[in-house]
There are 2 protein chains.
Amino acid sequence: MTVVWQCQEVNQTAAPAGAARQGSLRELNLALVLGRIAAADRPPSRAALAAETGLTRATVSAVVEDLVAGRLVTEAAPTPRAGAGRPARGLVLAGDGPAGLGLEINVDYLAACVVDLAGEVRHHTVHRADLRPVAPADALGRLARLAAQARAHAEAQGLSLAGAALGVPGLVDDTGQVRLAPNLGWRDVPVPELLAGHPPLTETVDGVPALVVDNEANLAALGELHAGGGPGSFLHISGEVGIGAGIVLDGALFRGTRGWSGEIGHIPVRPDGPPCRCGGRGCLERYAGQEAILSAAGLVGAELPADTAPNRLAELAEAGEPAVLHALHEAGTAIGVTVASVVNLLDLDTVVLGGGYAPLIPWLRPPMLAEIERRVLTAAWSPVTVRPAALGATAAAVGAAGSVVRRIIARPAGWLTRF
Amino acid sequence: MTVVWQCQEVNQTAAPAGAARQGSLRELNLALVLGRIAAADRPPSRAALAAETGLTRATVSAVVEDLVAGRLVTEAAPTPRAGAGRPARGLVLAGDGPAGLGLEINVDYLAACVVDLAGEVRHHTVHRADLRPVAPADALGRLARLAAQARAHAEAQGLSLAGAALGVPGLVDDTGQVRLAPNLGWRDVPVPELLAGHPPLTETVDGVPALVVDNEANLAALGELHAGGGPGSFLHISGEVGIGAGIVLDGALFRGTRGWSGEIGHIPVRPDGPPCRCGGRGCLERYAGQEAILSAAGLVGAELPADTAPNRLAELAEAGEPAVLHALHEAGTAIGVTVASVVNLLDLDTVVLGGGYAPLIPWLRPPMLAEIERRVLTAAWSPVTVRPAALGATAAAVGAAGSVVRRIIARPAGWLTRF
DNA sequence: CGCTATTTGTTCAGTGGTTGAATTAAATGA
DNA sequence: TCATTTAATTCAACCACTGAACAAATAGCG
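Taking an unreviewed UniProt entry as the reference, chain A is identified by name as Sugar kinase belonging to Micromonospora craterilacus. The record held by UniProt for chain A lists under Sequence similarities (unreviewed entry) the comment "Belongs to the ROK (NagC/XylR) family."

Written out as structure tokens, the structure reads:
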């Protein structure tokens, strides 16, 4: 069985692109009701859903019946209510329905996780290893084993995997091929082909799960969107070995024409600055990339593993080490200049710092804000918030798994037709 | 009668945000069919529409009947077809139905135009005057007179104005207030209030036309989208006295959280460069704004009107004037650095130069492309195209009018309920 | 304890809108 | 002239939502 390829684009709207046929109405309302159930903080009743969506209670009942039959929703203890009346039956996302498999390949670890419809992380494994010397096929083989374990754990909990998403620190084209992953040393790696021999990733209990390959920073941003409260617009910057960014606009990831958006690490900060291996000069990565910070802090020979470097820097900064403080100030300034560009261009009001930047926020934020306030034209009316990411280092894996379940929630009809 | 305020956001999709009720189906299909008629290059028949949309011919007939009754579509000579068979009846956008009124206030002119459903400019006036010394209320009064003339011309041609949009060179908030228009010297100007006393802008033949106030660069980008071929994604840079940009993603204008996107003029090019009046340093406007180019070319005392300066620069460049060539090279380099940032961030493949930049393209493009190729990570796989805008100096007015008719095409149900 | 008020959820006839097949309309070509 | 072909309309069937009536389940009150 071959990998069935699925378009990267997560169609956030349930609206039919083409003809609106009769069933479209039901598709739309399935998505509407399921979306409200997912967004509610307490199990809503059918009557409450009818009131807030504007549908009739009759319609909501019919829609909910479909959702329950498709194992997307189950009944639970309702929100207690004062006064008389027949007690409501609360509706919650099913904890034993479809789930998403999230995978991540990074420079120094592999990760797999399973997220259920409600967004709970039901399984999570990280396998630490330096993957730079490992051949892509080999690395993907290890990943497939991790995925097989994850599937076993999911099934043991009564979950069926509805799909998988894989985050890679590089540029992915729309056929799933990794065109360039500089920090891994990958170039033109046909991920779907290489995974085709590993059944756990190519089939699930009922049918065929699609595998989506995407940029790691994009998926991390989705994870943040998922974990960090309501839908909004923000820029999520992950400071790993490289610097990537995910742009979330109105609760949807913005991927660009070819899915290569967010390459913030190579935005020029000083056009005549030091040369970067991308061919340009003075790119952000030269000022705020992990290597740049470490070398500016005089820690270049310290031989720190990539995953502990940020914490080490935070310790030294805490201790008042002048070189480290200076390096972080410079990095924060460079990030601030870049963010000012982004905000002037896109009019965003929130910047989330994730990955290795999270522990360094106390030192990065002040110079960032200073630059932003100076340079953003609209800063006076709408201050820009800089906050740490809600998820930790493996945000991309969680975001990947979340993207699978979010797609089901956004377009439940696709899942329901499997029954 | 007061100005009825309408949300700036042009909802590109006809999908209902809330409940999908029965009528939603028809709304969706009205939009679908009308959209195809608008996008077709030759009058399609009902049968052809059925084939390409996937709807039944019966449904298409019913939908078309509604559209014809609402004066959005008329029958025309069909596309000739070889062979036997009953001849088709071609469908085209009505030339005598609703039309859009586009208005523009800029530093040295006022403009008004009327665009019909098919996108034809049916009326166009430009009133040249330096508006910097004029009070906002007075300027808007003159604009209202221009609008009244435009309405008279539209009605004489059998058109009904369905709405109006006004482009302003500054930041507009979501109540229509101009928060800041630096080059006009406006600050916190309540445009809708000031226009409320001018009936031509507050009522039309059948009901109330909404007035939308938007950034001039945004509307110019919409005009370009409208005139420049199929829907795509591009960055439209207008070099007027300031530098503004409109971002079009997948055929839709991207406005940002508050509608203040595209402030490209204040993206830092050299963070330690000369101070800018925005409070930052080394902004793009300091290198590629009209004043910056003129002064770098040694023409600072030449007292050129803003509208003739670009052509004068082109003449001098054509003649090989070294200072001018140098100034344009510097400007092109700065624009290129900025565009590289934008492309790295958004993954766009097309940059359109409009406004005063259009005549200077031969000199601006080479340095731009050089910077883009050096600095854009994905330039090797997807070259970035730099091309001149299809519309001239008053693109914003045409784009404003076009945005009105495009909204009708995107959501015809709203118009049809007027009958 | 029983009755009423109240709210939830379901049932059912009615309706809008799409579907698919049959029918009518209008041309070409032998 | 007539068969062929394609376009457009008509009509019964069907799907999904609507609105009202009804059944279910509880709290409050005498």
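Engineer: Which residues make up the protein's contact with DNA strand C, and what values do they have?
Structural biologist: Taken together, 28 residues lie around DNA strand C, and A:Arg21, A:Gln22, A:Ser61, B:Arg26 and B:Thr56 are the ones closest in. In DNA strand C, atoms within 4 Å of the protein come 68% from sugar and phosphate. In the environment of DNA strand C, a phosphate oxygen lies 2.7 Å from a nitrogen or oxygen atom belonging to the side chain of B:Thr56. For DNA strand C, a phosphate oxygen lies 3.2 Å from a polar atom in the side chain of B:Thr59. By residue number, the principal contributor to the surface near DNA strand C is helix α1 (residues 22–39) of chain B, which donates 5 residues. Taken together, the residues of the surface near DNA strand C sort by class into 10 nonpolar, 11 polar and 7 charged.

Engineer: How would you sum up unusual backbone geometry? Please name residues and give values.
Structural biologist: All names here are of chain A. One non-glycine residue, Arg71, lies in positive phi territory at about 60 degrees. With respect to the helices and strands, Arg71 occurs in the loop between α3 (57–69) and β1 (73–76). Judged by relative accessible area, Arg71 falls into the partly exposed class, the value being 33%. Positioned with a positive phi, Asp347 is a non-glycine residue whose angle comes to about 55 degrees. By secondary structure assignment, the location of Asp347 is in the loop between α11 (322–346) and β14 (350–355).

Engineer: Hey, could you go over the protein's contact with DNA strand D for me, with residue numbers and the actual values?
Structural biologist: Residues in close proximity to DNA strand D total 30 residues, the closest being A:Arg26, A:Thr56, B:Gln22, B:Ser61 and B:Arg89. Sugar and phosphate atoms constitute 70% of the interface atoms of DNA strand D, taking the interface as everything within 4 Å of the protein. With respect to DNA strand D, the backbone of A:Gly85 contributes an N or O atom lying 3.3 Å from a base oxygen. Note that a base oxygen of DNA strand D is positioned 2.8 Å from one of the backbone N or O atoms of B:Arg86.

Engineer: Let's hear about the sheet that holds strand β14 (residues 350–355) of chain B: which residues, and what values?
Structural biologist: All names here are of chain B. Spatially, the 5 strands line up as an open sheet ordered β13-β12-β11-β14-β15, and their pairing is mixed. Every interior strand has two partners, whereas the edge strands, β13 (252–254) and β15 (385–388), have only one. Geometrically, the sheet is characterised by an average inter-axis angle of 30 degrees between neighbouring strands, direction not taken into account. Across 6 bridges, the pairing between strand β11 (residues 234–239) and strand β12 (residues 243–249) is antiparallel. By the bridge assignment, His236 is partnered in β12 with Gly246. Of the strands in this sheet, β14 and β15 are in contact with helix α12 (residues 361–375), which crosses β15 at around 165 degrees.

Engineer: Can you tell me about the pattern of salt bridges, naming the residues and giving the values?
Structural biologist: Residues and elements named next belong to chain A. Scanning the entire structure with this criterion turns up 36 salt bridges over all chains. Arg89 serves as the salt-bridge partner of Glu75, at 3.3 Å between the closest nitrogen and oxygen. Pair noted here: Glu75 is in strand β1 and Arg89 is in the loop between β1 and β2 (90–93), with a separation of 14 residues, a long-range link. Of the residues examined, Glu75 reaches a relative accessible area of 36% and is grouped as partly exposed.

Engineer: Tell me about the packing of aromatic side chains, residues and numbers included.
Structural biologist: Evaluated as defined, the whole model comprises 2 aromatic pairs over all chains. Sitting over the ring of B:Tyr287, B:Arg270 keeps its end group 5.4 Å from the ring centre.

Engineer: An account of the interface of chain B and chain A is needed here, citing residue identities and associated values.
Structural biologist: Counting from both sides, the interface comprises 59 residues of chain B and, opposite them, 59 residues of chain A. Carbon and sulfur atoms supply 62% of the area buried between chain B and chain A, which totals about 5,200 Å² over both sides. For A:Arg258, the salt bridge is made with B:Asp349, and the minimal N-O distance between the two is 3.9 Å. Across the contact surface, chain B and chain A share 28 residue pairs in polar contact (both at pLDDT 80 or more). Of all the secondary structure elements, the ones that give two or more residues to the side of chain B that touches chain A are α1, β8 (177–181), β12, α11 (322–346) and α12 of chain B. Of the residues in the side of chain B that touches chain A, the class split is 27 nonpolar, 19 polar and 13 charged.

Engineer: Would you mind going over the relation of the copies chain B and chain A in detail, with residue names and values included?
Structural biologist: The operation relating chain B to chain A is a screw motion whose rotation component is 180 degrees, with 0.1 Å of axial translation and a residual RMSD of 0.1 Å. Taken together, the rotation and translation relating the two chain copies correspond to the operation of a two-fold axis. Interface residue correspondence from chain B to chain A reaches 100%, placing this contact among same-surface, isologous pairings.

Engineer: Summarise the pairing of strand β5 (residues 121–128) of chain B; cite the residues concerned and give the values.
Structural biologist: Where a strand is regular, its side chains alternate between the two sheet faces. Residues and elements named next belong to chain B. Pairing of strand β4 (residues 109–116) with β5, which is carried by 7 bridges, proceeds in the antiparallel orientation. Note on β5: the bridge partner recorded for Val114 is His123. Linkage of β4 to β5, two consecutive antiparallel strands, is achieved through a turn of 4 residues, within which Gly119 is found at a positive phi near 95 degrees.

Engineer: Break down the side chain of A:Asp116 for me, citing the residues and quoting the values.
Structural biologist: Residues and elements named next belong to chain A. Relative to the assigned elements, Asp116 resides in strand β4 (residues 109–116). Owing to a relative accessible area of 2%, Asp116 belongs among the buried residues under this scheme. Polar side-chain contacts of Asp116 include one of 2.9 Å to the backbone nitrogen of Glu120.

Engineer: Outline the nonpolar core, listing residues and values.
Structural biologist: With 98 residues, the main nonpolar core has A:Ile237, A:Leu346, B:Ile237 and B:Leu346 as its most contacted residues. When near neighbours in sequence (up to four residues on either side) are disregarded, B:Leu346 contacts A:Ile247, A:Phe254, A:Gly256, A:Thr257, A:Ser261, A:Leu345, A:Leu346 and B:Ile247.

What counts as what
Residues numbered from 1 in each chain as written. Chains lettered and ligands numbered in written order. Predicted model: local features only at pLDDT ≥ 70, side-chain atom pairs only at ≥ 80, totals over all residues. Heavy atoms only, no water. UniProt positions renumbered as here; feature names shortened; annotations may be inferred. Near = heavy atom within 4 Å. Polar contact = N/O pair within 3.5 Å; in protein donor to acceptor, adjacent residues only side chain to side chain. Helix = DSSP H or I, 4+ residues; strand = E, 2+ residues; numbered from the N terminus. Nonpolar A, V, L, I, M, F, W, Y, C, P; charged D, E, K, R; others polar. Buried < 20%, exposed > 50% of the residue type's maximum accessible area, 1.4 Å probe, protein only. Pairing = 2+ DSSP bridges. Axes fitted to C-alpha atoms, helices over the stretch in contact; angles between N-to-C directions. Contact = heavy atoms within 4.5 Å. Salt bridge = Lys/Arg side-chain N within 4 Å of Asp/Glu carboxyl O. Phe/Tyr/Trp six-rings, centres within 6.5 Å; stacked < 30°, edge-to-face > 60°. Lys NZ or Arg CZ within 6 Å of the ring centre and 35° of its normal. Buried area = accessible area lost by both parts, 1.4 Å probe. Least-squares fit on C-alpha atoms with pLDDT ≥ 70 in both. Core = buried A, V, L, I, M, F, W, Y, C linked by side-chain atoms within 4.5 Å.

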